[in-house]
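Residue-level structural notes
These are the residues of each chain, in order.
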Amino acid sequence: VACKQANMFCKEVQKQYADTNRMILYILLRSDDFEGAMLRKNKRSVWIKTVTICPPRDQVTSTKYTYVVGIGCKGPHHDEINKLHNKELHQLHKFTY
């Protein structure tokens, strides 16, 4: 992982859970808006939220690792969608084989 803080976090987790077999995965969340139809400008913009899961460094923008997790009309608030996604991400730490 290229991020200094992420590297520090990984080391802390490995140290704290040294006696267990843990897998650390990282994700990249992105949220943006765009024109839905190029024929009519400023008609109505579309908002999209994506998650990219553990891409290799040379494939960070690859669609192979990226998934749409939310899509809707552009607006000032998408708090409910963000809350839902954060709740689901938080539940992942309970996962066991």
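Read on for a plain summary of the structure. (Residues numbered from 1 in each chain as written. Predicted model: local features only at pLDDT ≥ 70, side-chain atom pairs only at ≥ 80, totals over all residues. Heavy atoms only, no water.)

What follows is about the overall build of the chain. Secondary structure summary: the chain contains two helices and three strands in total. Expressed as a percentage of the 97 residues in the chain, the buried residues total 15%. Across the chain, every contact between residues at least 6 apart in sequence was considered, and the portion connecting residues at least 24 apart equals 37%. Accessible surface for the chain amounts to roughly 8,600 Å². Of this, 56% is attributable to carbon and sulfur atoms. (Helix = DSSP H or I, 4+ residues; strand = E, 2+ residues; numbered from the N terminus. Buried < 20%, exposed > 50% of the residue type's maximum accessible area, 1.4 Å probe, protein only. Contact = heavy atoms within 4.5 Å. Areas by Shrake-Rupley, 256 points an atom, 1.4 Å probe, with all protein chains shown as cover.)

This model, assessed by the stated rule, comprises four salt bridges. We note a salt bridge from Glu-12 to Lys-15, for which the minimum N-O separation is 3.3 Å. Taken together, the residues span about one helical turn, with Glu-12 and Lys-15 both in helix H1 (residues 4–16) at a distance of three residues. Exposure remark for Lys-15: the relative accessible area of 60% places this residue in the exposed category. Among the salt bridges present, the one from Asp-33 reaches Lys-74, with a minimum N-O distance of 3.7 Å. On the criterion of sequence distance, the pair formed by Asp-33 in strand E1 (residues 27–35) and Lys-74 in the loop between strand E3 (66–73) and helix H2 (79–91) is long-range, its members being 41 residues apart. Taking relative accessible area as the criterion, Asp-33 reaches 32% and is therefore assigned partly exposed. (Salt bridge = Lys/Arg side-chain N within 4 Å of Asp/Glu carboxyl O.)

With that settled, consider the state of the cysteines. Applying the stated criterion across every chain, the model contains zero disulfides. No disulfide involves Cys-54; its sulfur sits 9.8 Å from that of Cys-10, the nearest cysteine. Residue Cys-54 is classed as partly exposed on the basis of its relative accessible area of 27%. (Disulfide = S-S within 2.5 Å.)

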